[in-house]
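Residues per chain are reported as follows:
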Amino acid sequence: MSFARTLVAPEPGWVTQADVIVVGSGVAGLTAALELRTKVDRVLVVTKGVLSSGSTVWAQGGIAAALDPEDTPEAHMADTLIAGGGLCSVPAVEVLVREGPERVGELMARGARFDHMEDGKISLGREGGHHADRIIHAGGDATGAEVSRALVAQLEAIRNDPGIEVIEHALVVDLLTSAPVDKGWPGPVCGVTLHVIGEGTRDGIGAATAKAVIVATGGIGQVYRSSTNPVSATGDGIAMALRAGAAVADLEFVQFHPTVLWLGSGMIGQLPLISEAVRGEGALLLNADGKRFMPDVHPMAELAPRDVVTHAIVDQIVATGVENVFLDARHLGAERIAHRFPTIQEALAEHGLDMAVDLIPVAPAQHFHSGGVFTDLYGRSTLKGLYAAGEAACTGVHGANRLASNSLLEGLVFASRAAKDVASRIVEGDLTEGEPVRRDGTQGLLPATDRGRIQKLAYEGVGPVRERDGLEAAWEELRDIRRPGRFAAANVTVTPQTAEWETTNVAQTAAGIIAAARIREESRGGHFRRDFPVTNDAVWKERLAVTFDEENHLRVNPVGIDFATS
Ligand SMILES: Cc1cc2nc3c(=O)[nH]c(=O)nc-3n(C[C@H](O)[C@H](O)[C@H](O)COP(=O)(O)OP(=O)(O)OC[C@H]3O[C@@H](n4cnc5c(N)ncnc54)[C@H](O)[C@@H]3O)c2cc1C
């Protein structure tokens, strides 16, 4: 399939300029912006919603860091590498665990307040896969909200500073690139085009030029029909980086959460997660016939590893023909439930459910993406001028599967490194402002009405359980969605606006995931193939990167073969 190299959009009606543009205002974007403000003259922060939009605010469990005197970065590293199924970048994990505690300290200095014990020591919890107590948390299960609150407050405090500009309700449509360095290949990234839902001179499509762009656009949840991610998680960072010519990696590794509230097949948007802690407290999983099934699957029954529970639920769904199973917590009693799970009870109440009274319908849903824009240890992508950080990036710390609570930490550590690297390269004159030129290749845009079909094919093709027939069917259906006349610019009858840009990003991200998953004929971490259920280190112990080639086709290569970071 041939892919669009830019999205159809009106010509920019206004222009602005900065040293660095940060796209996104989650933990990664805000950390980068605050760091950059002290180091370069002009920072532009662009975010699709308000400053607190994104996954960060929803994070429940906490942040992993070796803060206990009994714990060590080496032990944290060992747990991370095990979870990653042999595909983590060891140097990246080393950076994560060694610099993590210092970045967490900085976050506290920026005003984040974490839970403490009665003796005044920071409270450290434990989550699946960790062999030490190393999860800091805030407000019990409201860690992300506190991280976001503290970082947003810091940014608000400098909002009138002429060196920083924040544009909210602004969707970055595409990256701008300068003249090709090699024949037919895009040149360095030198800015963005963005659509602002604003007033006056900053309304509609504009262009912002800069010496570097840091993409911190978060995850891809909305590629799937059901996800715990907010509606802003449409894979924009991956899709715009691909279109600009950068490599993306580890796309096939998608983490699904086994117990997400099931609201029927017509459900859209973000779905409430029913945390593992509920099963930890004693809740049971029942199939549509009211029968408990996990004891037959794993010795740890309901507390088996996340992927085991997910696959068992999928098997029950296939066997019974009912699209969900049930979580039964009724025996825990109203008082205990209210005390332990106030946030979850509140979310359930919005849908007329009460864990003390009702069986809760649940099904697996997309939760986290290990893949993203391929970066080195400094957040540099394969394209000069383009950096990535947070969930949109692929630093390699997660490998094939994320260890619980490592993602907020990744955002803190690598966004800070990216910001410092950008700043020092600007000072050294290694990053300078380029002149945007029109990119070769087709323009494209999908109608927003295709989103549901793409989300369904993504779940069926590259959901929690994959196999060749489903992958090929998803690939074919995507080709059909993109058939000439619906996608090519000359025939586009679709009005370019937010829903259409996002839908096209969803389609391109889905295509990248499917392309990588078709090739990896084994099971590992967040990539489970029923037709190749075993991990095959002899053939597949390598990471895969996806790029657009000169003919605008998706190309999948082992990481490191065709490219290096800029
Ligand atoms: C329910 C839930 C619970 C979680 N629990 C934990 C946990 O306990 N511990 C943990 O470590 N991780 C957890 N995670 C994962 C973690 O929250 C995310 O990986 C992390 O917050 C990602 O941060 P980020 O800064 O990369 O992206 P986000 O916080 O998602 O921010 C992305 C930003 O980019 C903006 N954006 C996106 N596209 C565009 C565009 N085209 N133009 C302009 N702006 C754009 C968005 O508006 C947003 O501001 C959880 C995730 C969810 C959904």
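Look up a bit, the structure's there.
Residues numbered from 1 in each chain as written. Predicted model: local features only at pLDDT ≥ 70, side-chain atom pairs only at ≥ 80, totals over all residues. Heavy atoms only, no water.

**Overview of the sheet that holds strand E18 (residues 372-374)**
This is how it is decided: At least two DSSP bridges between two strands are required for those strands to pair. Secondary structure elements are taken from DSSP: a helix is a run of H or I of four residues or more, a strand is a run of E of two residues or more, and numbering for both begins at the N terminus.
Within the open sheet, the 5 strands sit side by side as E20-E18-E13-E23-E24. Their pairing is mixed. The open sheet has two free edges, formed respectively by strand E20 (393-394) and strand E24 (554-558), since each of these has just one partner strand.

**Side note on the sheet that holds strand E5 (residues 63-64)**
Strand order in this open sheet of 3 strands is E5-E7-E6, and the pairing throughout is antiparallel. In this open sheet, the two edge strands, each paired with only one partner strand, are E5 and strand E6 (124-125).

**Observations regarding the packing of aromatic side chains**
Definition in use: Stacked, tilted and edge-to-face pairs are distinguished by plane angle, under 30 degrees for stacked and over 60 for edge-to-face with tilted covering the rest, among Phe, Tyr and Trp rings (Trp via its six-membered ring) whose centres lie within 6.5 Å. Under the scheme applied here, a residue whose accessible area is under 20% of the maximum for its type counts as buried, over 50% as exposed, and between as partly exposed, the area being computed with a 1.4 Å probe on protein chains only. Charge-over-ring placement is defined geometrically: NZ (Lys) or CZ (Arg) within 6 Å of the ring centre, and within 35 degrees of the ring normal.
The full count for this structure, using the stated rule, is 3 aromatic pairs. Considering the side-chain rings of phenylalanine 3 and phenylalanine 548, the 5.3 Å spacing of their centres and the 25° angle between planes classify their relative orientation as stacked. Separated by 545 residues along the polypeptide, phenylalanine 3 in the segment before strand E1 (6-7) and phenylalanine 548 in strand E23 (residues 544-548) bring together distant segments of the chain. Pair check on accessibility: phenylalanine 3 and phenylalanine 548 agree, each one buried. The interplanar angle of 85° and the centroid separation of 6.4 Å between the aromatic rings of phenylalanine 256 and tyrosine 459 together place this pair among those described as edge-to-face. Of the two residues, phenylalanine 256 is situated in strand E14 (residues 254-261) and tyrosine 459 in helix H11 (residues 451-462); the sequence distance between them amounts to 203 residues. With respect to class, phenylalanine 256 is no different from tyrosine 459; both count as buried. Feature note: the residues Tyr224, Phe256 and Tyr459 constitute an aromatic cluster, connected by ring pairs. A cation over an aromatic ring shows up here: arginine 402 above the ring of phenylalanine 368, its NZ or CZ 4.4 Å from the ring centre.

**A short note on the site of the ligand**
Put simply, the test is: Residues are labelled near a given molecule or strand when at least one of their non-hydrogen atoms is within 4 Å of it. A 3.5 Å cut-off defines polar contacts: any pair of N or O atoms within that distance qualifies, except that in protein one atom must be a possible hydrogen donor and the other a possible acceptor, and neighbouring residues in sequence count only when both atoms are side-chain atoms. In short, Shrake-Rupley with a 1.4 Å probe defines the accessible areas, and a residue's cover is counted only from the protein chains shown. Each residue gets one label: Ala, Val, Leu, Ile, Met, Phe, Trp, Tyr, Cys and Pro are nonpolar, Asp, Glu, Lys and Arg are charged, and the others, such as Gly, are polar.
As a matter of local geometry, the ligand sits amid 39 residues, with Thr56, Gly61, Asp236, Glu391 and Ser407 nearest to it. The separation between an oxygen atom of the ligand and a polar main-chain atom of serine 25 is 3.0 Å. Surface burial for the ligand is 97%, taken as the share of its 1,000 Å² of free accessible area covered by protein chains. Broken down by secondary-structure element, the contributors of at least two residues to the shell around the ligand are helix H1 (27-37), strand E9 (170-178), helix H5 (236-244), strand E17 (360-369) and helix H10 (407-428). Considering every element that reaches the shell around the ligand, the biggest residue donor is E9, with 3 residues. Counted by class, the shell around the ligand contains 14 nonpolar, 21 polar and 4 charged residues.

**Side note on the nonpolar core**
In summary, soluble globular proteins display a tendency toward joint burial of nonpolar side chains. Put simply, the test is: Here, nonpolar core refers to any group of buried Ala, Val, Leu, Ile, Met, Phe, Trp, Tyr and Cys residues whose side-chain atoms link them within 4.5 Å.
Ranked by internal contacts, the top residues of the largest apolar core, which has 64 residues, are Ile21, Leu175, Leu194, Val213, Tyr224, Leu386 and Leu554. Ranked by residues supplied to this core, first place goes to helix H13 (residues 498-519) with 9 residues. Membership of the second largest hydrophobic core comes to 54 residues, among which are Val22, Met77, Val93 and Val413.

**Thoughts on H1**
The test is simple: In what follows, a contact means two residues having at least one pair of non-hydrogen atoms within 4.5 Å.
Burial runs high along H1: 11 of the 11 residues are buried. Considered for burial, the residues of H1 that qualify are Val27, Ala28, Gly29, Leu30, Thr31, Ala32, Ala33, Leu34, Glu35, Leu36 and Arg37. Looking at the buried residues of H1, the elements they touch are strand E3 (20-23), strand E4 (43-46), helix H4 (143-157), strand E8 (164-167), strand E12 (212-215) and H10.

**Examining the packing of helix H3 (residues 90-109) against H10**
For the record, the criterion: Axis lines are fitted through C-alpha atoms, for helices just across the contact stretch, and the angle between N-to-C directions can take any value from 0 to 180 degrees. An angle below 35 degrees is treated as roughly parallel, one above 145 as roughly antiparallel, one from 65 to 115 as roughly perpendicular, and anything else as oblique.
Two numbers describe how H3 lies on H10: the axes approach to 8 Å, and their chain directions differ by 90°. Overall, the two elements H3 and H10 adopt an arrangement that is roughly perpendicular. Together, Ala92, Val95, Leu96, Glu99, Gly100, Arg103, Val104 and Leu107 of H3 and Leu409, Glu410, Leu412, Val413, Phe414, Ser416, Arg417 and Lys420 of H10 make up the contact between the two elements. For the contact of H3 with H10, a count of residues per class yields 9 nonpolar, 2 polar and 5 charged.

**A closer look at the packing of helix H12 (residues 468-481) against H13**
To keep it simple, the criterion reads: When the near helix sits turned anticlockwise from the far one by under a right angle, the crossing is termed left-handed; a clockwise turn instead gives a right-handed crossing.
H13 packs onto H12 with a crossing angle of 145° between their chain directions and a minimal axis gap of 10 Å. Two packed elements cross with a definite hand, and for H12 against H13 that hand is left-handed. Side by side, H12 and H13 meet where Leu471, Glu472, Ala474, Trp475 and Leu478 of the first sit next to Ala507, Ala510, Ala511, Ile514, Ala515, Ala517 and Arg518 of the second.

**Description of empty space enclosed by the protein**
For the record, the criterion: The way it works is a 1 Å grid over only the protein atoms, where trapped points that fit a 1.4 Å probe form a cavity and open points with protein on both sides within 12 Å along at least five of seven lines form a pocket, and then any residue with an atom within 4 Å of a point lines it. Grid points are joined across faces, edges and corners, and a volume is the space filled by probe spheres set on the points.
Taken as a whole and judged by the stated rule, the model has 1 cavity of 30 Å³ or more. Taken as a whole, the largest cavity holds about 40 Å³ of empty space. The set of elements that each furnish at least two residues to the lining of the largest cavity consists of H3 and H10. Here the element with the most residues in the lining of the largest cavity is H3; it accounts for 3 residues. By residue class, the composition of the lining of the largest cavity is 2 nonpolar, 2 polar and 3 charged.

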